[in-house]
Structure formats: C-alpha cells, structure tokens
Amino acid sequence: MAAAAAPDHLFHLRNNFYLGSFQAAINNSDLPNLSPDDAVERDCLVYRSYIALGSYQLVINEIDSAATTPLQAVKLLALYLSNPHDKESTIASLKEWLADPAIGSNAILRLIAGIVFMHEEDYIEALKHTNAGGTMELHALNVQIFIKMHRSDYAERQLRVMQQIDEDHTLTQLANAWLNLAVGGSKIQEAYLIFQDFSEKYPMTGLILNGKAVCCMHMGNFDEAETLLLEALNKDAKDPETLANLVVCGLHLGKSSSRYVSQLKLTHPEHVLVKRASSAEDSFERAVQSVA
Amino acid sequence: MLTKFETKSNRVKGLSFHTKRPWILASLHSGVIQLWDYRMGTLIDRFDEHDGPVRGVHFHMSQPLFVSGGDDYKIKVWNYKLHRCLFTLLGHLDYIRTVQFHHEHPWIVSASDDQTIRIWNWQSRTCISVLTGHNHYVMCASFHPKEDLVVSASLDQTVRVWDVSSLKKKGASPADDILRLSQMNTDLFGGVDAVVKYVLEGHDRGVNWAAFHPTLPLIVSGADDRQVKLWRMNDTKAWEVDTLRGHMNNVSCVMFHAKQDIIVSNSEDKSIRVWDATKRTGLQTFRREHDRFWILAAHPEINLLAAGHDSGMIVFKLERERPAFAVSGDSLFYAKDRFLRYYDFSTQKETQIVPIRRAGSTTLNQCPRTLSYSPTENAVLICSDVDGGTYELYQIPKDSIGRSDLQEAKRGPGSSAIFVARNRFAVLDKSNNQVLIKNLKNEVVRKSGLPVPTDAIFYAGTGNLLCRSDDRVVVFDLQQRLVLGDLQAPFVKYVVWSSDMESVALLSKHSIIITSKKLVHQCTFHETIRVKSGAWDENGVFIYTTPNHIKYCLPNGDSGIIRTLDVPIYLTKVSGNKIFCLDRDGKNKTLVIDATEYIFKLSLLRKRYDHVMSMIRNSQLCGEAVIAYLQQKGFPEVALHFVKDEKTRFNLAIESGNIQIAVASAKEIDDKDHWYRLGVEALRQGNAGIVEYAYQRTKNFERLSFLYLINGNLEKLSKMLKIAEVKNDVMGQFHNALYLGDIQERVKILENAGHLPLAYVTASVHGLHDVAERLAAELGDDVPSFPEGKEPSLMPPAPIICGGDWPLLRVMKGIFEGGFDSTGRGAVDEEEEGADGDWGEDLDMVDSDGLQNGDVTAILEDGEVAEDNEEGGWDLEDLELPPEVETPRVNARSSVFVAPTPGMPVSQIWTQRSSLAADHAAAGNFDTAKRLLSRQLGIRNFTPLKSMFLDLHTGSHSYLRAFSSAPVVSLAVERGWSESASPNVRGPPALVFNFSQLDEKLKAGYKATTDGKFTEALRLFLNILHTIPLIVVESRREVDEVKELIIIAKEYVLGLQMELKRRELKDNPVRQQELAAYFTHCNLQMPHLRLALRNAMTICFKAKNLATAANFARRLLETNPNENHSKAARQVLQASERNMTDASQLNYDFRNPFVTCGATYVPIYRGQKDVSCPYCTTRFVPTQEGQLCTICDLAVIGADASGLLCSPSQIR
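Residues numbered from 1 in each chain as written. Chains lettered and ligands numbered in written order. Predicted model: local features only at pLDDT ≥ 70, side-chain atom pairs only at ≥ 80, totals over all residues. Heavy atoms only, no water.

**Notes on the overall build of chain B**
When helices and strands are counted, chain B shows 31 helices and 61 strands. Taking all 1212 residues of chain B together, 53% fall into the buried category. Sequence separation of 24 or more characterises 47% of the internal contacts of chain B that already satisfy a separation of 6 or more. Roughly 55,700 Å² of accessible area belongs to chain B as shown, and the carbon and sulfur atoms make up 50% of that amount. (Helix = DSSP H or I, 4+ residues; strand = E, 2+ residues; numbered from the N terminus. Buried < 20%, exposed > 50% of the residue type's maximum accessible area, 1.4 Å probe, protein only. Contact = heavy atoms within 4.5 Å. Areas by Shrake-Rupley, 256 points an atom, 1.4 Å probe, with all protein chains shown as cover.)

What follows is the structure in structure tokens.
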C-alpha cells in the first residue's frame, strides 16, 4: 500500500456493505466525482445491497442489457436468488460467461460465480473460479468456502494472503473472525474481540451483534448472547440469523423458542436451521423404523 | 536543557533563588540587582544602590532579606518587602566577589579581592571573623550546608577549607559580640577563631569557584586552568580525587546537583557542562553563541538551575520531571525510576509491574516521555528520546503483576508511538512523514503517509490519529486516509480525551483548546503561565493545572480557579470531588477539591435548576462573584435570591422581569428614577395597574393621561382633566380634553387661554355653530378662513374595552422563589418546565426548524465541497491489486490449482469420538444415538424422546452470516469452552439439556405434588425420566447424582400414577385403599409422605379398616406432622385402639417389606420373583417381561442393557 494519502471514497460504502448495514450503504451511495471504475464498483455494491435486502426484482429491472459485465453478474445473482425453481438457466448463462475469455476473468463475475456455486454446494466448482483471488472479496469468499468445506487449514492460508495485503481491512478482520469461530478454542475470544472492535468503530449492525452473540454462545455465555440477539432483533425483526441463533440460545437457556422457530419458518422457509430441523425429523422417523 | 525563563540585561555576575517563591535575584555588572519572577516572567523589583558591578547576591532562607556585595567594597543587606537597603557592612578593602547567608546563624560570609574572607553577624551588624591566608583575590567563599565549614577559592591556585566552629561559641551570647568588638579589631589579620583546615593544591591557575557536596564530604572546584577538580576530605586530610577536563576556557563556576549524581559547571568558553559525578565523564554540553558564562545557582528545593552570562541569565532544568503515564478506565500506568507501575484508582493501590530499560546515563533526558496502553492486549508502549526517539513495547504478564523478571522489550526508532487499535500501534516516521502501523510482534503491517508535516502523533479514537504540526492539528483516519478534522492551534503538547471520546482538550504551552472529536472548536482558554496537565471530570468539565493552580473550564468557555498549589502536579483522573494526580517524584496523590462552584455553574449552564436550587440551599455559595456571574450569564432571577441590598435587588428584579419584587423594592427605595424604571418594565409586560401606580407615584400626569387614553379609561381621563384644571395646567387640560374628545371643553380651554381664532376654528369645524358665531362675533374681522375639502377628524375612537391589564407577557417567575418558599422541589420543576413550554415553544419550533434545514444544507454543501477538494488534491488510488497482475493469475489458476477435498464436519468428529447418546443426537446421528440408548438402557420406545433429540440437534450449531448473499455458515457449538482451549481441537457438542435444569424440574415437580397438581407433577417427573438418557455430566459424582435422580423420579411417577388411578376408581373402595397404601411406600419427600399417609389413613379409617388406619396414623406421627395433623392422627389411633380390626381384607401387609409392581400396582414382597426395567429400575411382576415399561415409557421390561452412560468420565 503506497504511502500517498489518497482518500478512499468508497471506504464507507464498502464497510457498510461488509458489515451488513445495507440500507446505510444504499443511502450513502450518492458520492460525487467518482472515477468510472469506482462508479462501477459503487453500483455493484449498491445492487448487491439490494439483493442482500431481498429486493431482487428491483435489481433485475434496473440493470439492463447495456450495463457492464460486473453489473450483469450482479443481475445474474439476483436472478438466481429470486427464482429458486429456475436455477438451471441462470447457472447455464453464468457458465457461458465464465467460459468467455473476454469477461471470464472479471472479479465480480467470478465472485458471483463463487456465491452461486456455494449455494449449489458445489464447492469445487466455486473454488475453480474464486481461488485465484484478486480482490479482498474473493479472498474472503475463499475463506468462507474453505470453512464450509471444513478445511480450516486452507482457510488459514487464504487469510494469511489477505493479511499480507491489508491486515486491517474490514474483510480481513471479518474473515479472521469467521475462521476463529470455525476453529474454536481460545480463538473464539479473538473473534469476539474483532467483533467488539467493529462495534466500537462502526455503528452497530445486526451482523456485528450476531457475530458477538455467536462468540458468546461458543464461550457458553448464553445469557449475554441472548441479550445481544434481542438487541439485533430490535434492529431487524426478520433477520433469519438472529432468529435462528435466538432459537439455539433459547434451547440452551431452557426457554421456549417455538415462536422464533415459527417466525423463521414463515419468513425464511429455506433457512439452514429450518432445513436441518425437518431433515432431522425425517431421519428420526427413519431411525425409529430401523431400531424397532 | 529545558529553559524555563530567560532575561536580557547587562552581564549577570550573581544569582540567588528564593526558597519558597518563584523568584530569582540577579546582580549585574552595571550595579543593578534585579528581582525576577521566573514563573510569570516579570521583573518585580530592582535595587540600584551599589556603585559599580555587584558580583555577589544571596537570599536569606526564611527572612525577607537578601545580601549583596559589590565592587564598591560594600556589603548591603536589603529587605525586599520594604524595597530598601537596611544597612551596609563596611570592612573589605577591595572588590567583594561573593556573599552568602548562613542557613542557621545570623552570619554572612563574604569573599573579597583584599585576600580575606570575612564572616559578619548581620544582627549585630559586625564582622565577627576575618579569615586570612589566601595570598591573592578570594574568588568565592561559602558555608557548608550542615557543618561548620567554609570553602573558599582563590586566584592563588588553592582551595581552602576553613573550620569556623569556634565562631559558634563566640557568638553564643550576642552581648559578647559587642564586648569583644575592640578585641576583634586587634585580632584583624591574626584572628585565631577560624582556622584553615585544609589547603587544596592542584590547580595550575587561579581557582574561580569551589563548592561543597550537599551530603558527601566532597568538594568541587573550577579554575582558570580550564579544569574542574573533585576533592574528597575526611577528618584529618583532604585530597584530589579526579579532574574533569573539557572546558576550553576559564571555568567560572561549578557545583554538585542536589538530587542527581552530577556536577554542573560553566565557563567563559560559553558553555555549560554536565558531568557524571561517579564516572567523571562529560554528559552534556550546552553552548551559547556569544555569551561567556559567569555564575551558576541552584534552587534549594526544586529541580531548577540558573546561569548568568554576558547578556542576561537563564533559568533551566536539566531533565523533565513529568512522569509518563496513561489512564485506562480505573487504572493508571506510569513509569517511575526503572519500573512500569500500575495504580488502581478505586483501591488506591500501586504495584510495580515490569522493569523497563533504562538508558545508561550517557546523556540526560532519556526517561520515558509518553506512555500508551492497550487494555485488551495488556500492552504498554513507552516512548523516550533515547537515540533521537525510541519506543519500547512491553507486554504485561496477565497473572503476575508484581513479578519482576526483566523481559526483552520490542523496540524501534520513532519519536511518537501510540496504540491506534487493540493490537495495532502507530509509529511516527518523521523523516518520511509517514506512520508505520505495527502489530504486537513489532512487524510493520501498513504504512500510511500523513496529510500534514507531523512532528508528533496522539491517540484520537480507534483507527484515528491526531497529528501535530507546528501550528495546527489534524485528525486523520488511517484506514480511509481521510482528514476528519483540522484546527489551527498553537504547538500542542498534550492531548486529553474525555471518557466518552466526544471531546478533546488540546494543551499548549499557554492555552487550552477544547474541541469536539472532529476538532470542531468549542472554546479556548489562555493562561499567562504554563499549562501543566488536565483531566475531564464525569460531568464534562475540564480540570487543569498550572504550576500554581488547579482550574476548571466549563463547556461554555467559563473558567475559574479551584485551588492553589504549592508544587506542580500532573492530573491523572478526576472523580467527583477527588483529584488523582502524580507529583514530580512519581508519587500518586489524591486531593479533595471543592467542586461546588463549577458544578453550580455547570448546572446553570445545563438548565438543571433543581440542582442549582439544592446547591443554593445547601451550600455557602453567596458572594459578589456569584451574583456578578449570575447577572452576567443572564440568570438575574437566580441572583435575586442572594441579594439583600434593595437597589441591587430592584435592578435584578427589573432585569429578570419580576414585577412583584420590583414593586416591593421600589416601595422601599421610593425615588422617582426607580418608579420610572418600574413603570417602563411594567409597560413592557403590559401590567397596566403597576404602570398606573408607578406613574401616580412619580406624579407623571402626562404619561398617566396617555396611559388612560390607551386603556380607554375615560373616567380616569376626565379626572385627569379636573386635576389639570386644578393645577391650572392649560396644556394638560387641552390634552386631556383632546383625548376625551370633549370639543366643548376644548373650545372652552382655548377660549380661556385667549386663543380665540383656534377656539373659533375648533367650534365651527366640529359644528358647534352657536359657539362659533359667538366667537366670530368676538373676533370681528379676524375670523380665520378654512381650507377647502377637509373633514374634521380630531376625535379619538371610542374604546372597545376599558381598563384592566393587557395580556401579560409571561415572565419566568418563581422557579427559585417557589423553591425557597419550601414547596416541593418536584412541583417547582414542573412549573419551570411549564413556563418554558408555554410560550417559548412555538418560537423555538420555528427556530429549530429553520435551523435544521439550514444545517442540513450547510452540511451537504460542506460535504460536497470537501469531496471536491479531495478529488482535486489527491489522486484516487485503488485499493485492489492492479488488473495487470490479475490476468496472468487467472490463467494460472486452471492449471495449478487443485481444490482440496472437503474436510470432516465437526458433527462427524463428535460421533466418532463419543459413545454418549446425547452427543450423537446433537450431531444429528439419530440412528447411532438410538442404538446406543437401546444397548445401554434397553430403550425401545423413542417417541417420547423425539423433541429432545430434535432440540439437541438444533442447539448444537450457531449461525453466522458471513459473506453477503453467500450461504450462511453454521458453526458447531462445543461444550465446556475455556479460554485456554487450543483451537482446532474439537470438544464435544454443547447440549441444550443439563443437570441443573433437571434439578429445577425436580423442584417444580415437588411443588406440584405438594399443591396436589398430580397430573402436572407426573408430567414433570416423566419429563425428567425422559431427559436423563440424553444428559451428560462431567464427574463420577454427578453420575451418581443422575442415577439417584432416576430413582427419585421413578418413585414419584409410580406413586403419582397410582394416586391418579385411585381417583379414577370410584366404586372399588378396597382397591382404593390398597393404592393409597402402596403410595405411602413409595420413596417420597417427607411432606409428600405425610400427605400420602394422611390420605391413606383417612381412606382406611372411613372404610373402617381401623387396624390399617392405625398403622398409617402411627407412621404419620413418626414424621412429626404439625399440630392439626398430629391431632387427627391421635384421634384415629384412639378410635382404632378400641377396635383393632379391619372391615375389609386388603392386599397389603405393612409388616412385610415389598415393592409395588409398576404396571399392575400389586405388592411384590421380598422373596417373590420380579423383573425390572433396565432404565428406571422399576420392578414388575414376571408376567410383564417384554412389555414397555409403564413408568418411564422408554425401555422394555427385562431387556438386556449395559447401564446408564452419561459422562465421559465413565468411559475413561
């Protein structure tokens, strides 16, 4: 990183996006005098914020065919997420674009590919496009993929690359926290400190609160976790992770969490917790059959 | 060298510090003696009576005296309070070089070019001894600080030590002195009372100065041979110890430092040199360009030195005395001597933490300058000036505060280093104007250029730096590389943040600037003397110190003195009225201050009137200063309550618009001016009654009439007309008539006054034709003509309403008054708020609206402008790697990268590691979990366990939203986490059920049983039984407890089932009795057993099974029941003893021990065959074998099982 003190205009926007204050990212995106590259990045972040907020249709409608490759990629993500029943066509066009040497190496496109293939749980395919890295986001995504694959050794290697580029980058810190949580043990506390740092530096977001709460849960401190989660629930009553973690917390505290479960089932029927619960029920029945 | 004060004058030949006051005397070559206040930098006095240069000057230790000696051979003793010379001591026959008071005796020692040293008694004003022996000019002579010795230096190349102990005897009675006077004179040049003790020879040229060590038997001397020599002496002899070479010209003066092991000398080579007294090496040299040095002086108590030279003098100290410290929450870290120390504000305890490196005394001023602390990492950064700026990083061991093994600190060059985040610190690299961000391993993580040329950095919140340059400070965001705030400020020396990090105080040499965290200026305070330190109190008041005061600054820019100080202190924390500080010796001190004044002012400022009130009531705040302050700050209504003087009271009342008090005061004062002013104020408020009253009192009829006109009070107006008539005031009459619209009266007045034409015009215009004709007749030819086309209009409009006050201005009144009249404080508060709200509000709303709008646009504009500037000024630099690098990488990936195979999920590790069913269930491996349970406990029926299994599974993972829009990461939660657990080593899953929950359920079950809620109780006990198979505990002991719990729960389930069954059976009294009887044989808690026994007793008694009932009664009595119950039991016993029979035969033999079958509820007596449940151990009659246990509803009766496995300790 050069010593010249060039101000980073997109810093806040990126930060807001990474830390989950999507509405703030959208609201504060009206930055004047951006270079064309920055403007494209800005638009990507804004549309991805909309996607994160679930406004898929808005993104699909607003990005027309004349838009740049990164934006098209973002649109693909919106298409993929908006229409779970017609994934195939989206994936097909994604693969087609990736194969195109002219645009196939675009960082955003590869990032979107990584995300889509992660949703498909095809981690190998995802890594094919993301492992080369190139942006902090791609590296961070790699960390997450490796965590998902339970390969914390690889994740750590990715993290080290990120740390070499910029140790204090929000994504580096976040990825560090993810990895710390994934490997557990004494690292949990470090993860907690990272989230704590965020909460001191930036406005509280559901993501930060959830991060802290998860750390607390892993440290066995479910009371504090619940307090944090309720605070997060105040910020966003529909946040699926908040609800899911509240369910878990409630169970450990011996409190009824059925309301959170049904809320989650209503708003996010596809959530991991819901899916896990239903598959567990099935496997319970199966097991009853087999044991009996 | 830290120069504290400098003067420009003629050559300074003599210097002397005052012991207590910040004063120094300088005697000049011109003959003038100057008295300076070196702290304030002012010339206090000058004494000009010597003729020719004054070479020696000295303050008395305790009296307001000083002595001087000059080239006019005179020794003068002065009283500085009286600003005059008291007397002159004559005797020397040549220039006098030095003079000095004895610290104890009323003596003065003087050295002169007449080759003698004389000792004088300044009380008797006589010379008591003449010390002869030197055979050249004596350049200096001084008393030993403790012993009866004098040391002198002479151009005869010797230093002499004189024993003056005999003088003491001589001076024992002052009367003697006078008697001996004649004898003394004869003794001249041959006195025997003071004798030479040692003659120190060694210098090759004339010796200019010699001085004793304050405590050790050492002498230091300086001579024209450019050497400084060190001498030692004992009782019998004295010898040369060493020579310090280095000066390039005559050494003028030399002395030992009182507190450090150093020697200070100065010379005509224009330098001051500092030497190590032990190693005898030069430490430091301070040079002046053009001025030769002549004299040195040391402050007797504090660490100050002074040196006189050709064109003035300097007051300086060699080393800074401010201890480096950092405050974090309730702890203070500071450096003292060679240790980092820790002080706890709450307990006021201090501890030594780690030793810190001490740069050998090769140079001075190497002690720590600043200290920065990171609470989470427990690390300390210490900066010092060693090697032109060095920082050291110390890690404080967590547990062993006080253990003092020297650790090798990580260090690096850099004049400023501070923590900018938990585990990051910034080091200033001045030469490249950049900061290096380093981690705790002292590795550079990042470099960042600074926006302004910076010579020091300070903390400014996480990730931010406050950069100081000569005339400004900026707050710089390291991550965004943006300047967040910028302020012109004189050279900032220290930065103090408020605890909420919202405000910051920038301390410069002579000023304090308070700003917001973005450096938006709030107020500036100027001092004439140095600002030493500061700290924020909890209320947002900034407390600071100067060398002699503790002062406060309020947010609105007011400041004031809290108390005076004797010695400078360095504030570390302010908490309530307690001030914590460090003194110059690095000792922690606590001062209690009177915070009333500034808290009072702050409360006023914040409009906390309730506080203000209670403070007024409870403390002695009164005083002109407070009244003046209140008045000046616009709180006359508050001041009102302090004042007794009627005129001031009136003024304040008028100012605050308190009419009632003003009226009362005006009555007291009763002069025209005050009534008039009352009238003006009342008019402003619209209080017509008071206005009228005031006008009446001042007899101001014209105003009164006008008031009535405005009020429409015609009645009073006509009275006024009458009054005017009586007073024969024509003009007044006319006015009143005009106001009244009474034309006839007007005409009459005009006529009477002789203005006939006017009277005619008035009459004719208003249609009074008969009068007009009459007047026309009188006027004759002089009848005036009328202008055309004018309508008469001199009629006042008729009043719509009449009299009374106008709507009054709402005056904020009575907030304090009410309070003083001892009504409740709360009520007063409300009233106050009401008053504010009533009419202030609308206006406020408009105001704030307008303001907000304005603000918003202003901010927007600001933002845009700022953006614009940045765009122009800085090239945008992309954070990401440049695309050129990217492309080859992308190509490379397909060929090189091989994706790793997925690793093993944590849940799988769980199942592999554990044979506890709960762990398997948590891992979602229900299949194996069930197999385990059926093997261990013979459980076949899993339906009751379903929800537990699912809960365990759900509770085993938490969810983390990682990358936006990417799938959520689920993380395995492990149980038994500890700080020291190593990462990547998988612990067992965290389970949602634990033993303590069961304990609570058990209690709830007991309670439900006591309350007779049997269904509820049964549910709870069953739940316990159902949960236990999935419980995991740590120790063997707990395993036993779990097993006990199974038995307890089982007994209750059985008992409760029987009881419920009994209640269903309405028509089978025998079976009812049997079940009730069996219930009493379940292992129950005493209260429950008692209830069961009573129950059984009653049932059997009613069914006339008296013998059985008697048995129950007896058992009941054994349990020590309460009064009622025992009474009933005794009655049953009595009744049945008369007739020990049973009416019906029961399958119940209480003499024979038995257990009850869990399914059929029949007794299984000892010796009879039974089968039991492998889990809950309930016994059953053999026919039940192979059936599902009716108690736990889980296991199969009589099945094979290895037993409960609920703890890893069972497996090890």
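**Overview of the overall build of chain A**
When helices and strands are tallied, chain A shows 17 helices and 0 strands. Relative to its full complement of 292 residues, chain A shows a buried share of 58%. Considering only intrachain contacts with a sequence separation of at least 6, the fraction spanning at least 24 residues in chain A is 48%. About 11,400 Å² of surface is accessible on chain A, with carbon and sulfur atoms providing 49% of the total.

**Topic: helix H5 (residues 69-82) of chain A**
Residue and element names in this part refer to chain A. For H5, built from 14 residues, the straight-helix expectation of 20 Å at 1.5 Å per residue is met to within 8% by its first-to-last C-alpha distance of 20 Å. In terms of burial, H5 is largely enclosed, as 11 of its 14 residues are buried. Among all positions of H5, only Pro-70, Leu-71, Gln-72, Ala-73, Val-74, Lys-75, Leu-76, Leu-77, Ala-78, Tyr-80 and Leu-81 are buried. Summarising the contacts, the buried residues of H5 are in contact with helix H3 (36-52), helix H4 (56-62), helix H6 (87-99) and helix H7 (107-119). (Expected span 1.5 Å × (residues − 1).)

**Some words on the state of the cysteines**
By the definition in use, this model includes 0 disulfides over all chains. In this structure B:Cys523 is a free cysteine whose sulfur lies 6.7 Å from that of B:Cys553, the closest cysteine sulfur available. (Disulfide = S-S within 2.5 Å.)

**With respect to the sheet that holds strand E18 (residues 207-212) of chain B**
Residues and elements named next belong to chain B. Spatial ordering of the open sheet is given by E18-E19-E20-E21, a layout of 4 strands whose pairing is antiparallel. The open sheet has two free edges, formed respectively by E18 and strand E21 (238-245), since each of these has just one partner strand. Each adjacent strand pair in this sheet contributes to an overall mean axis angle of 20 degrees, direction not counted. (Pairing = 2+ DSSP bridges. Axes fitted to C-alpha atoms, helices over the stretch in contact; angles between N-to-C directions.)

**What to know about the pairing of strand E31 (residues 339-344) of chain B**
All names here are of chain B. Summarising burial for E31: 6 of the 6 residues are buried, a large majority. The side-chain alternation of E31 yields two buried faces, one formed by Phe-339, Arg-341 and Tyr-343 and the other by Leu-340, Tyr-342 and Asp-344. Summarising the sheet, strand E30 (residues 331-336) and E31 pair through 6 bridges and their orientation is antiparallel. By the bridge assignment, Tyr-334 is partnered in E31 with Arg-341. In this structure, E31 lies alongside strand E32 (residues 349-355), joined through 6 bridges in antiparallel fashion. Residue pairing for E32: Tyr-343 is matched across the bridge by Glu-350. Between E31 and E32, which follow one another and run antiparallel, lie 4 residues, and Gln-348 among them has a positive phi close to 60 degrees.

**Topic: the packing of helix H1 (residues 11-18) of chain A against H3(A)**
Residue and element names in this part refer to chain A. Contact geometry for H1 and H3: axes closest at 10 Å, N-to-C directions at 25 degrees. As the angle between them shows, H1 and H3 are arranged roughly parallel. Remark: the crossing between H1 and H3 carries left-handed chirality. Contacts between H1 and H3 involve Leu-13, Arg-14 and Phe-17 from the first element and Glu-41, Arg-42, Leu-45, Arg-48 and Ser-49 from the second. (Parallel < 35°, antiparallel > 145°, perpendicular 65-115°, else oblique. Left-handed = near helix turned anticlockwise from the far one by under 90°.)

**What about the nonpolar core?**
Counting residues in each nonpolar core, the largest one holds 198 residues, and the members touching the most others are A:Trp178, B:Phe1021 and B:Tyr1175. In this view, B:Phe1021 contacts B:Leu1002, B:Gly1005, B:Tyr1006, B:Thr1009, B:Ala1049, B:Tyr1052, B:Val1053 and B:Leu1056; residues no more than four positions away in its chain are not counted. If you look at the next biggest cluster of nonpolar residues, it comprises 59 residues, including B:Phe5, B:Val32, B:Ala277 and B:Ala297. (Core = buried A, V, L, I, M, F, W, Y, C linked by side-chain atoms within 4.5 Å.)

**Regarding the sheet that holds strand E4 (residues 33-37) of chain B**
All names here are of chain B. If you trace the 4 strands from one edge of the open sheet to the other, you get E2-E3-E4-E5, paired in antiparallel fashion. Unpaired on one side and paired on the other, strand E2 (12-17) and strand E5 (42-47) mark the two borders of the sheet. Each strand of the sheet is rotated relative to its neighbour by a mean of 20 degrees, with strand direction disregarded. Across 5 bridges, strand E3 (residues 23-28) lies against E4 in antiparallel orientation. Within the sheet, the bridge partner assigned to Trp-23 lies in E4 and is Asp-37.

**Describing the confidence of the model for chain B**
All names here are of chain B. On average, residues of chain B carry a pLDDT of 81, and 87% of them reach 70 or more. In the predicted structure, residues 172-176 sits below a pLDDT of 50 and forms 1 contact with residues beyond four places in sequence or in another chain. Long-range and interchain partners of residues 817-895, a stretch whose pLDDT sits below 50, account for 78 contacts in this model, where long-range means more than four residues apart. Across the interfaces of the predicted complex, the ipTM metric reaches 0.91, alongside a pTM of 0.64. (pLDDT = per-residue confidence, 0-100.)

**Details of the pattern of salt bridges**
On inspection of all chains with the given rule, the structure shows 57 salt bridges over all chains. Between B:Glu301 and B:Lys20 there is a salt bridge; the shortest N-O distance is 3.2 Å. Here B:Glu301, found in the loop between strand E26 (293-298) and strand E27 (305-309), pairs with B:Lys20, found in the loop between E2 and E3; they are 281 residues apart in sequence, far enough to count as distant. Classification of B:Glu301 as partly exposed rests on a relative accessible area of 40%. By sharing partners, the salt bridges in this structure join A:Asp166, A:Glu167, A:Asp168, B:Arg424 and B:Arg446 into a single network. (Salt bridge = Lys/Arg side-chain N within 4 Å of Asp/Glu carboxyl O.)

**Some remarks on the side chain of A:Arg42**
All names here are of chain A. Here Arg-42 shows up in helix H3. With a relative accessible area of 17%, Arg-42 lands in the buried category. Separated by 3.0 Å, the side chains of Arg-42 and Asp-43 make a polar contact. Leaving out residues up to four positions away in the same chain, Arg-42 has contacts with Leu-10, Leu-13, Ser-29, Asp-30, Leu-31 and Leu-34. (Polar contact = N/O pair within 3.5 Å; in protein donor to acceptor, adjacent residues only side chain to side chain.)

**A look at helix H12 (residues 187-201) of chain A**
When the terminal C-alpha atoms of H12(A) are compared, their 21 Å separation across 15 residues agrees well with the 21 Å that a helix rising 1.5 Å per residue should span. Of the residues making up H12(A), those classed as buried are A:Ile188, A:Ala191, A:Tyr192, A:Leu193, A:Ile194, A:Phe195, A:Asp197, A:Phe198 and A:Ser199. Residues of H12(A) that are buried in the fold lie against helix H11 (170-183), helix H13 (206-218) and helix H14 (222-235) of chain A together with strand E56 (957-960) of chain B.

**Section: the pairing of strand E19 (residues 218-223) of chain B**
On a regular strand, one side chain projects to one face of the sheet and the next to the other, so that they alternate. All names here are of chain B. In terms of burial, E19 is a largely internal element, 6 of the 6 residues being buried. Every second residue of E19 is oriented toward a common face, with Leu-218, Val-220 and Gly-222 on one face and Ile-219, Ser-221 and Ala-223 on the other, all of them buried. Bridging between E18 and E19 involves 5 bridges; their strand directions are antiparallel. Along E19, the bridge assignment pairs Val-207 with Ala-223. In this antiparallel pair of consecutive strands, E18 and E19, the connection spans 5 residues. Across 5 bridges, E19 lies against strand E20 (residues 227-233) in antiparallel orientation. Each residue of the ladder has a partner; that of Val-220, found in E20, is Leu-230. Count of turn residues in the E19/E20 antiparallel hairpin: 3 residues, of which Arg-226 carries a positive phi of about 70 degrees.

**Some words on the environment of B:Val1053**
Residue and element names in this part refer to chain B. Positionally, Val-1053 belongs in helix H26 (residues 1036-1064). Judged by its relative accessible area of 0%, Val-1053 is buried. In the structure, Val-1053 is positioned 31 residues away from Leu-1022 in sequence and 6.7 Å away in space, judged by C-alpha atoms. Ignoring any residue separated from it by four or fewer positions in sequence, one finds Val-1053 in contact with Leu-1018, Phe-1021, Leu-1022, Leu-1025 and Ile-1191.

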